[in-house]
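Fold and geometry: a report
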Amino acid sequence: MNARNDVLAPSVPSGGHAKATIGQLSRRPEAGSLLGLIAVFVFFALLGGKVFLSAAGYASWLNVAAEIGIVALPIGLLMISGEMDLSIGAVIPASSLTVAIISGHYGLPEIVGISAGLSVGLLVGFFNGYLVNRTRVPSLIVTIGSMFAVMGLTLGFTVLIAGSTGVSLVPSPAVKAILGDFIGGMFQVTIFWWILFAAAFFCLLHISPVGNWIFALGGDKVSARNAGIPTEKLTIALYMLSGFSAAFVGVSQVLVYQSAQVLGGQSFIFNSIMCVVIGGVLLTGGAGSVVGIVFGTLTFAIVNQGIYFTGIDPNLGSVIIGALLLLAVMMNDKFRLMAMSYAAKKKK
């Protein structure tokens, strides 16, 4: 970090300092997502009233945000690096059913089922990263292919073993308390796991040297490789993080709802991408932040659940989310241009 770090001289008035600080903050990638979060929260707070602002109201959208948020974090890092992962929609039910079959159907210890479920995510992630590196086929195509492959295998093995497309599991109190319990009967313990995941991903992207590699990979993969960055290993690692996070959500879901279904994760595919885009991550890669992804996830969850606390037709929730997505993309471009203009002026 530069030692001066934009510190102003004592002679500059405090008002000028505040104005400069606001200007710098407004050009950050998460600035637009923060404004969107505040806007939707105020909107639904006014229309939803006390019910929306009650503990049950907060729980309704925080529970949704936690599950989507854990998946959205690695998806955001992949998008920053210029990649995409749609296979999460198959990894979530595959990991859920793996746990349910091993520990529910066969009765093996839960730690064995959970470890196997998480391993499914890591294996699919490694497979995706390896194929992207070796074939040079766009990651969108690779992960669509792996998604359908995993869905087919999951369906086939589940019907073969359990004789149905769903398997139940009654977890022990200890395991349920760690991964699948409700605090106060309303707040899923997954919320605290989401906070831990967000903190870990923040350190990875914004504090550790690996974060610079991820941004460089999204900016120009060839230049990043020529600069000595292990681009292939980094790509595989990011896909494995995505697979692990999706599998973690799948494991959590089967412990919360005590059952797993073959088509249990389809909604996560585009919902997680929307959270990331609303959070300020550029579709072209090379820019974004973990804080923005968290803001985008909260915004999506509030709109998704807040509509039920108002007198608005719930079917309009999708319309609002779609409009919010378009607005987010336009705002992302605007803030990117502002940041580039600001950087150019600083160099002069």
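Preceding this section is the structure that the text describes.
What counts as what
- Residues numbered from 1 in each chain as written.
- Predicted model: local features only at pLDDT ≥ 70, side-chain atom pairs only at ≥ 80, totals over all residues.
- Heavy atoms only, no water.
- Helix = DSSP H or I, 4+ residues; strand = E, 2+ residues; numbered from the N terminus.
- Expected span 1.5 Å × (residues − 1).
- Bend = angle between axes of the 7 residues up to and from the residue.
- Buried < 20%, exposed > 50% of the residue type's maximum accessible area, 1.4 Å probe, protein only.
- Axes fitted to C-alpha atoms, helices over the stretch in contact; angles between N-to-C directions.
- Parallel < 35°, antiparallel > 145°, perpendicular 65-115°, else oblique.
- Contact = heavy atoms within 4.5 Å.
- Nonpolar A, V, L, I, M, F, W, Y, C, P; charged D, E, K, R; others polar.
- Phe/Tyr/Trp six-rings, centres within 6.5 Å; stacked < 30°, edge-to-face > 60°.

Between its terminal C-alpha atoms helix 3 (residues 55–80) stretches 35 Å, which fits the 38 Å expected from 26 residues at 1.5 Å a residue. The axis of helix 3 is deflected most strongly, by about 35 degrees, at Gly69. Along helix 3, 22 of the 26 residues are buried, which leaves the element largely enclosed by surrounding structure. Gly82, located one to two residues past helix 3, shows a positive phi value of around 90 degrees.

A few words on unusual backbone geometry. If you check the backbone angles, Arg136 has positive phi at about 60 degrees while not being a glycine. Tracing the chain through its elements places Arg136 in the loop between helix 5 (110–135) and helix 6 (139–162). The backbone of Gln258 shows a phi angle near 60 degrees, a positive value even though the residue is not glycine. Mapping Gln258 onto the fold places it in the loop between helix 11 (231–257) and strand 4 (259–261). Residue classification places Gln258 among the partly exposed residues on the basis of a relative accessible area of 31%.

What follows covers the packing of helix 2 (residues 31–52) against helix 3. Two numbers describe how helix 2 lies on helix 3: the axes approach to 10 Å, and their chain directions differ by 130 degrees. Taken together, helix 2 and helix 3 sit at an angle that is classed as oblique. The residues of helix 3 that touch helix 2, namely those facing Phe41, Val51 and Phe52, are Gly57, Tyr58 and Trp61. Broken down by class, the residue content of the contact of helix 2 with helix 3 amounts to five nonpolar, one polar and no charged.

Tallied over the full model, the rule gives 11 aromatic pairs. Pairing Phe43 with Phe44 gives two aromatic rings, centres 5.0 Å apart and planes at 85 degrees, and the pair type is edge-to-face. Ring centres of Phe197 and Phe248 lie 5.1 Å apart, and the angle between their planes is 50 degrees; this geometry places the pair in the tilted category. Taken together, the residues span a long stretch of sequence, with Phe197 in helix 8 (residues 190–207) and Phe248 in helix 11 at a distance of 51 residues. Note on accessibility: Phe197 and Phe248 belong to one class, buried. A connected cluster of aromatic rings, assembled from ring pairs, spans Phe41, Phe43, Phe44, Phe52, Tyr58, Trp61 and Phe309.

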